[in-house]
Amino acid sequence: DAKTTQPTSMDCAEGRAANLPCNHSTISGNEYVYWYRQIHSQGPQYIIHGLKNNETNEMASLIITEDRKSSTLILPHATLRDTAVYYCIVRGARVGYKLSFGAGTTVTVRA
Amino acid sequence: GAVVSQHPSWVICKSGTSVKIECRSLDFQATTMFWYRQFPKQSLMLMATSNEGSKATYEQGVEKDKFLINHASLTLSTLTVTSAHPEDSSFYICSASPGQGPRQPQHFGDGTRLSIL
């Protein structure tokens, strides 16, 4: 399956945009980029996903580069409640559409 | 929409006991559900895929006789940890999706924290 690389941790200021990078250089044409987050002691929460176009929903925006080898999750106005581990996952037929979680990025939003 | 519920959220039991965890899709039907396990300070590891009306498929290294999965209806999958021991203590999480394929997000339950004494 296409592996992803994310920074181990990031600090963000409350009220500012948080930009979370992800590299997925071995992604294939029909594989989607998914983002989830996990707040301590809870199940993962779906955030957003995309194939090649940029996507936006009420939680975040997803920017995918033209060559699809990397993407950025943008939380437009980070709040303290956005402190969580964020997972970037490539999902496709190669792995039966299963979700394979890496280590993710631990994001800490500070007041 | 797309709510997944797990029960119980927390269980403590003695070594040797069998423990059943339920995963329900509350507002959709799911032919497939997934079970994960997460140890402290680690990421989620997929244990098995639960298939409605047929046998579950287990990931490499997961003992199917230890972790029994039943998916008897389109809204319920159960995971039974048989003869649980302290090393089985973990956070167990399930997920389900309203549809098949990569465009349908998987939605997760809030997890079950299992502690074996």
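Details of the structure are given in the entry above.
Since the model is a prediction, treat every value here as computed from it, not as a measurement.

*Asks:* Looking at this model, I keep getting lost on the state of the cysteines. Mind explaining?
*Replies:* Simply put, disulfide is the name for a covalent bond between the sulfur atoms of two cysteines. Going through the model one piece at a time under the given rule, you end up with two disulfides over all chains. Between Cys22 of chain A and Cys88 of chain A runs a disulfide, and the two sulfur atoms are separated by 2.1 Å. What sets the handedness of the Cys22 of chain A and Cys88 of chain A disulfide is the S-S torsion sign, and at about -80 degrees it is left-handed. Placement of Cys22 of chain A in strand β2 (residues 18–23) and of Cys88 of chain A in strand β8 (residues 84–91) is noted, with a sequence separation of 66 residues between them. Exposure class is identical for Cys22 of chain A and Cys88 of chain A. Each is buried. Covalently, Cys23 of chain B is tied to Cys94 of chain B through a disulfide, its sulfur atoms 2.0 Å apart. Across the S-S bond of Cys23 of chain B and Cys94 of chain B the torsion is about 85 degrees, and the bridge reads as right-handed. One end of the pair, Cys23 of chain B, is in strand β3 (residues 19–25); the other, Cys94 of chain B, is in strand β9 (residues 90–96), with 71 residues separating them in the sequence. For Cys23 of chain B, a relative accessible area of 0% gives the class buried. Here Cys12 of chain A is not disulfide-linked; the sulfur of Cys22 of chain A is the nearest cysteine sulfur, at 16 Å.

*Asks:* In this structure, what is going on with the interface of chain A and chain B? I would like to understand it.
*Replies:* Frequently, the measure chosen for interface size is the accessible area removed from exposure when the parts meet. If you look at the interface, chain A gives 17 residues, while chain B gives 21 residues. Together, the buried faces of chain A and chain B total about 1600 Å²; carbon and sulfur atoms form 56% of this surface. Of all residues in chain A, Arg91, Lys98 and Phe101 of chain A give up the largest surface area on contact with chain B, accounting jointly for 28% of the area buried on that side. The interface formed by chain A and chain B holds one salt bridge in total. The shortest N-O distance in the salt bridge between Glu59 of chain B and Lys98 of chain A comes to 2.7 Å.

*Asks:* Explain the nonpolar core to me, please; I cannot follow it from the model alone.
*Replies:* Looking at soluble globular proteins, one finds that nonpolar side chains tend to be buried together. Trp35, Phe67, Leu79, Tyr92 and Leu114 of chain B are the most contacted members of the largest nonpolar core, which totals 24 residues. If you list the elements that add at least two residues to this core, you get β2 (10–13), β3, β4 (32–38), β5 (45–51), β7 (67–73), β8 (76–81), β9 and β11 (112–116) of chain B. Each residue touching Tyr92 of chain B, except ones within four places of it in the same chain, is listed here: Gln6, Ile21, Tyr36, Arg37, Met47, Phe67, Leu79, Val81, Gly111, Thr112 and Leu114 of chain B. Ala18, Leu20, Leu75 and Val107 of chain A belong to the second largest nonpolar core, which has 22 residues in total.

*Asks:* Explain the environment of Leu117 of chain B here, please?
*Replies:* All names here are of chain B. Position of Leu117 among the secondary structure elements: in the segment after β11. Taking relative accessible area as the criterion, Leu117 reaches 65% and is therefore assigned exposed. When neighbours within four sequence positions are excluded, Leu117 is seen to be in contact with Ile12, Cys13, Lys14, Ser15 and Pro86.

The rules behind these values
- Residues numbered from 1 in each chain as written.
- Chains lettered and ligands numbered in written order.
- Predicted model: local features only at pLDDT ≥ 70, side-chain atom pairs only at ≥ 80, totals over all residues.
- Heavy atoms only, no water.
- Disulfide = S-S within 2.5 Å.
- Helix = DSSP H or I, 4+ residues; strand = E, 2+ residues; numbered from the N terminus.
- Buried < 20%, exposed > 50% of the residue type's maximum accessible area, 1.4 Å probe, protein only.
- Contact = heavy atoms within 4.5 Å.
- Buried area = accessible area lost by both parts, 1.4 Å probe.
- Salt bridge = Lys/Arg side-chain N within 4 Å of Asp/Glu carboxyl O.
- Core = buried A, V, L, I, M, F, W, Y, C linked by side-chain atoms within 4.5 Å.

Geometric descriptors of this kind do not, in isolation, establish any biological role.
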